Number of protein chains: 2
Amino acid sequence: MSRQIRIKDIAAKAGVSTGTVDRVLHERGNVSPKAKVKVLKVMEELGYERNIIASTLAYNRVFRIAALLPGFHTDPYWEQPFSGMERALKTVRHYGISLEPHFFELFDPRSFLQTVGQVLENPPDAILFAPVFLKESRTLLEACRENGIHNVMINTYVDNPDSLCYIGQDSYQSGFLAGRLLHFGLNEGETAMLLNLEVGSHNAQHLIDKERGFRDYFGQFPGQHIEIVKRDFEDFDDRQKLTSLLDDLFARHPRLNGIFFTNSRAYKAVECLPAGIVQKIKIVGFDLIEQNIRHLRKNNIDFLINQNPVHQGYMGIINLVNHLVFKKNVEKLQYLPLDIVVNENVDYYLKRQEEFEIVL
Amino acid sequence: MSRQIRIKDIAAKAGVSTGTVDRVLHERGNVSPKAKVKVLKVMEELGYERNIIASTLAYNRVFRIAALLPGFHTDPYWEQPFSGMERALKTVRHYGISLEPHFFELFDPRSFLQTVGQVLENPPDAILFAPVFLKESRTLLEACRENGIHNVMINTYVDNPDSLCYIGQDSYQSGFLAGRLLHFGLNEGETAMLLNLEVGSHNAQHLIDKERGFRDYFGQFPGQHIEIVKRDFEDFDDRQKLTSLLDDLFARHPRLNGIFFTNSRAYKAVECLPAGIVQKIKIVGFDLIEQNIRHLRKNNIDFLINQNPVHQGYMGIINLVNHLVFKKNVEKLQYLPLDIVVNENVDYYLKRQEEFEIVL
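Residues numbered from 1 in each chain as written. Chains lettered and ligands numbered in written order. Predicted model: local features only at pLDDT ≥ 70, side-chain atom pairs only at ≥ 80, totals over all residues. Heavy atoms only, no water.

Visitor: Which residues make up the packing of helix α8 (residues 171-185) of chain A against helix α9 (residues 205-219) of chain A, and what values do they have?
Guide: All names here are of chain A. Look at α8 against α9: their axes get within 6 Å of each other, and the N-to-C directions meet at 40 degrees. Considering their axes alone, α8 and α9 lie oblique with respect to each other. For the crossing formed where α8 meets α9, the hand is right-handed. Between α8 and α9, the residues in contact are Ser171, Tyr172, Ser174, Gly175, Phe176, Ala178, Gly179, Arg180, Leu182 and His183 and His206, Asp209, Lys210, Arg212, Gly213, Phe214, Asp216, Tyr217 and Phe218, respectively. Partitioning the contact of α8 with α9 into residue classes produces 7 nonpolar, 7 polar and 5 charged. (Axes fitted to C-alpha atoms, helices over the stretch in contact; angles between N-to-C directions. Helix = DSSP H or I, 4+ residues; strand = E, 2+ residues; numbered from the N terminus. Parallel < 35°, antiparallel > 145°, perpendicular 65-115°, else oblique. Left-handed = near helix turned anticlockwise from the far one by under 90°. Contact = heavy atoms within 4.5 Å. Nonpolar A, V, L, I, M, F, W, Y, C, P; charged D, E, K, R; others polar.)

Visitor: Before we move on, can you summarise helix α5 (residues 79-92) of chain B with the specific residues and values?
Guide: For α5 of chain B, with 14 residues, the first-to-last C-alpha span of 20 Å sits near the 20 Å given by 1.5 Å per residue. Buried residues of α5 of chain B: Gln80, Pro81, Phe82, Gly84, Met85, Arg87, Ala88, Leu89 and Val92 of chain B, and no others. (Expected span 1.5 Å × (residues − 1). Buried < 20%, exposed > 50% of the residue type's maximum accessible area, 1.4 Å probe, protein only.)

Visitor: So, the sheet that holds strand β6 (residues 191-197) of chain A: which residues are in play, and what are the values?
Guide: All names here are of chain A. Reading across from one edge, β7-β6-β8-β9-β10-β12 is the order of the 6 strands in this open sheet, with mixed pairing throughout. Two strands bound the open sheet, and with one partner strand each, they are β7 (227-233) and β12 (339-341). Between one strand and the next, the sheet's axes are offset by a mean angle of 20 degrees, whatever the strand orientation. For β6 and β7, the ladder comprises 7 bridges, and the chain directions are parallel. Counted as the bridge partner of Ala192 is Ile228 from β7. (Pairing = 2+ DSSP bridges.)

Visitor: I'd love a proper account of the domain arrangement of chain A, names of residues and values included.
Guide: For chain A, the domain assignment lists domain 1 (7-59), domain 2 (63-167 + 309-336) and domain 3 (171-306). Between domain 1 of chain A and domain 3 of chain A, the C-alpha centre-to-centre distance is 57 Å. (Domains from an automatic or database assignment.)

Visitor: Run through the side chain of Ser264 of chain B, naming residues and quoting values.
Guide: Residues and elements named next belong to chain B. As for its placement among the helices and strands, Ser264 is situated in the loop between β8 (256-261) and α11 (266-270). Reaching out from Ser264, the side chain makes a polar contact with the side chain of Asp75 at a distance of 3.2 Å. The residues touching Ser264, leaving out its near neighbours within four places in the chain, are Asp75, Tyr77, Phe286, Asp287, Ile289 and Asn292. (Polar contact = N/O pair within 3.5 Å; in protein donor to acceptor, adjacent residues only side chain to side chain.)

Visitor: Residues and numbers for the pairing of strand β4 (residues 150-154) of chain A, please.
Guide: All names here are of chain A. The buried fraction of β4 amounts to 4 of the 5 residues, a majority that puts the element mostly inside the structure. Sheet analysis places strand β3 (residues 126-129) next to β4, joined by 4 bridges and oriented parallel. For Phe129, the partnering residue across the bridge sits in β4 and is Met153. Read as a crossover between parallel neighbours, the route from β3 over helix α7 (residues 134-147) to β4 is right-handed. Two elements, β4 and strand β5 (residues 165-168), share 3 bridges in a ladder whose sense is parallel. What sits directly across from Ile154, in β5, is Ile167. (Right-handed = clockwise from strand over helix to strand, strands pointing away.)

Visitor: How would you explain the interface of chain B and chain A if you had to name every residue and give the values?
Guide: Listed per partner, the contact involves 37 residues of chain B and 37 residues of chain A. Interface area, chain B with chain A, both sides summed: about 3700 Å², of which 58% is carbon and sulfur. The largest contributions to the chain B side of the interface with chain A come from Phe184, Glu344 and Tyr348 of chain B, which together make up 22% of the buried area. At the boundary of chain B with chain A, the tally comes to 2 salt bridges. Across the pair Glu344 of chain B and Arg180 of chain A runs a salt bridge, and its minimum N-O distance is 2.7 Å. Linking chain B with chain A are 9 residue pairs in polar contact (both at pLDDT 80 or more), by the criterion used here. Residue assignment for the side of chain B that touches chain A shows that the elements contributing at least two residues are α3 (33-45), α8 (171-185), β12 (339-341) and α15 (346-355) of chain B. Considered class by class, the residues forming the side of chain B that touches chain A number 18 nonpolar, 7 polar and 12 charged. (Buried area = accessible area lost by both parts, 1.4 Å probe. Salt bridge = Lys/Arg side-chain N within 4 Å of Asp/Glu carboxyl O.)

Visitor: Give a description of the packing of aromatic side chains that names residues and reports values.
Guide: Using the criterion set out here, one finds 38 aromatic pairs over all chains in the structure. Seen from their ring centres, Phe260 of chain A and Phe286 of chain A are 5.8 Å apart, and the 50 degrees between their planes marks the pair as tilted. Placement of Phe260 of chain A in strand β8 (residues 256-261) and of Phe286 of chain A in strand β9 (residues 282-286) is noted, with a sequence separation of 26 residues between them. The class for Phe286 of chain A is buried, based on a relative accessible area of 0%. With a centroid separation of 5.4 Å and 75 degrees between ring planes, the pair formed by Phe82 of chain B and Phe103 of chain B is classed as edge-to-face. Linking Phe82 of chain B in helix α5 with Phe103 of chain B in strand β2 (residues 97-104), this pair joins segments that are 21 residues apart in sequence. A connected cluster of aromatic rings, assembled from ring pairs, spans Tyr172, Phe176, Phe214, Tyr217, Phe218, Phe221, Phe260 and Phe286 of chain A. If you follow Lys282 of chain A out to its NZ or CZ, it ends over the ring of Phe184 of chain B, 5.8 Å from the centre. (Phe/Tyr/Trp six-rings, centres within 6.5 Å; stacked < 30°, edge-to-face > 60°. Lys NZ or Arg CZ within 6 Å of the ring centre and 35° of its normal.)

Visitor: Please give an account of the side chain of Asp170 of chain A that cites residues and values.
Guide: For Asp170 of chain A, the position within the fold is in the loop between β5 and α8. With no salt bridge to any partner, buried Asp170 of chain A finds its closest opposite charge in Arg212 of chain A, at an N-O distance of 6.9 Å. Among all residues touching Asp170 of chain A, those that are not within four sequence positions of it are Tyr335 and Leu338 of chain A together with Tyr348 of chain B. (Lys, Arg positive; Asp, Glu negative; His and termini not counted.)

Visitor: Mind laying out the nonpolar core, listing which residues take part and the relevant values?
Guide: Ranked by size, the top nonpolar core spans 60 residues in total, and within it Leu195 of chain A together with Leu195 of chain B carry the most contacts. If we ignore the near neighbours within four places in the chain, the residues touching Leu195 of chain B are Arg231, Leu245, Leu246, Leu249, Ile259, Phe260, Phe261 and Thr262 of chain B. (Core = buried A, V, L, I, M, F, W, Y, C linked by side-chain atoms within 4.5 Å.)

Visitor: I'd love a proper account of the relation of the copies chain B and chain A, names of residues and values included.
Guide: Rotating chain B by 180 degrees and moving it 0.1 Å along the rotation axis overlays it on chain A with an RMSD of 0.1 Å. Given the turn and translation reported, the copies of this chain are related as if by a two-fold rotation axis. The rotation axis passes nearest to the C-alpha of Gly185 of chain B in chain B, at a distance of 2.2 Å. Of the residues that chain B buries at the interface, 100% are likewise interface residues in chain A, meaning the two copies contact each other through the same surface. (Least-squares fit on C-alpha atoms with pLDDT ≥ 70 in both.)

Visitor: Can you tell me about the sheet that holds strand β11 (residues 333-335) of chain B, naming the residues and giving the values?
Guide: Residue and element names in this part refer to chain B. Overall, parallel pairing links the 6 strands, which are arranged β2-β1-β3-β4-β5-β11 in an open sheet. Strands at the two margins of the open sheet, each flanked by one partner only, are β2 and β11. On average, each strand axis in the sheet is tilted by 15 degrees relative to the strand beside it, whichever way the strands run. Running over the sheet, α5 touches β1 (63-70), β2, β3 (126-129) and β4 (150-154) and is turned about 165 degrees from β2. Set on the sheet, helix α6 (residues 109-121) makes contact with β1, β2 and β3; between it and β2 the angle comes to about 150 degrees.

Visitor: How would you sum up unusual backbone geometry? Please name residues and give values.
Guide: Residue and element names in this part refer to chain A. Even without a glycine there, the phi angle at Asn155 is positive, about 75 degrees. Topologically, Asn155 is positioned in the loop between β4 and β5. Non-glycine residue Lys327 carries a positive phi angle of around 55 degrees. By the secondary structure assignment, Lys327 is in the loop between α14 (309-324) and β11 (333-335). A residue is classified by how much of its surface remains accessible, and Lys327, at 63% relative accessible area, is exposed.

As structure tokens, then:
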């Protein structure tokens, strides 16, 4: 059969509107049986086979989405948004969507820029990315503007009016929430620490926002004496250095009784702390990755804040399809729930992560 | 047109299987355009109109579901599962489902039994109910057995092998979780109280299970000295008596620093406590009802555990339809997430409550 069949040809031959053909094609209901019969008959005559070439038939084009994410080898967290994208792709592939993943080095802004360069050699219709490097992300956003490439951001919000949308947590609120949780467990005179186990945290907008939220929470109680200490540490993969850091922190701050880990690496520090201390001090971290969950189950980590990364990736694709294919308006800021996860509810959230599905 | 049109008549006339007709009827896909055309043509000839009489056509019968719930006037919580049932009904009404709500008095087991009597005068196909009275619920379950009435329980789990399923929280786990939250905020030597603001709490299985979970949480730390005190109180609607009770409790237990309210009535006690005390002591309650949320936003209540009541009602109907109409097996125990709700995430959960939808 010819690839040139268009919705309007079917509509004309069936004597119905293109909207009706579209509704039949995507089984969106609201079509009289009579009209449906006509449309299906015409499709049959033209040799139409549903699902296999629906997109070509309907839109006669393919939309290429490039995904830019950190590679999983440095941080298993990034597997989750990618798995969400892949799951979404299964439900929208027949609309003519292709997904081209590109992975950069998590701690290397130059690798990010190199990947951007590769992507732009053959510009896609849209880019779905995690702007983990603030400065370099601005470069990418500028390139999108110049080349008319749609873009959606997940994980980290960067203020950019051209972007189709941001899907992820409200980082400020998540820092504020972490403040609430630690404050609940701490006493007057104790010390709370914010620990960025990160490379280049000054260039990570979400960490800046989390810190602001965390400090603002404690700032609500000016009469109270809970000391807030912040520390950036880049050598978190060196167990010996991390152990020394922690020893040093506890020596400097003898009343240190709560730590807020601003990303998915709480488990790295927990593994360097003596059992007696781990059980005693209050720990709040992020992300339902396996290593963290193990320590949550042992009560080594008290609370994990879930950023719903699978959902982020999934909704990134869905929003692009809604915009590119269906020409729908999408909401600019799509904050996902900040689930507070403990041993008693972790299994529900893990299960839900596997189950949700949006029907287009 | 006649009401006697049956799936097998359509199938015979169209020369396809009944399964194919069923798939076309419910737009479940996997039907060739050719077969679809045939089926739709036959339906058209027979004067079929989709949605309006689909159920009659497809199954030639109506399924009557009776819902037994406490009236809203005593406790606004019960509006939520009912709203979930009504929402589900909208999506399944065309399968021939009717919902007959019956309301009993929340604190009056006799009113429950009277309502059961009314329902049984014209036995429905299924009963969806909240077994808030343990003993009287057993009577109802016995009657269901004798009359061959399917039943689904929400909110409170009662062990009963005949029931189609239970949908709701794991009460033991929610008590355990409340223990964790208070334990996190309490110090050695302080007192934690479990307060049942309830009539007849000994006859409420979910309260018994919550208490067991709560005590078991603290039982994990035998070396620690946190005193657990429990109190049942029935006169919670008398503000003066409730105030006296609280005064008395704080006088008896000078180191009382945390209260676990085992149902949706935390706000009633909060409104009887002096501001200074409310802000100081740790409070964990249940349920996202307006009165509680107001106090959560003011930091008077520290944590609310969400039982997802709208979802309970919704899934109660959906599971009955899956069983009655589609003859599907359903899971016996369907625990819903125990969301830990604070000011920073309450709006997400309220929004989600309005949004979810299951596509059958």
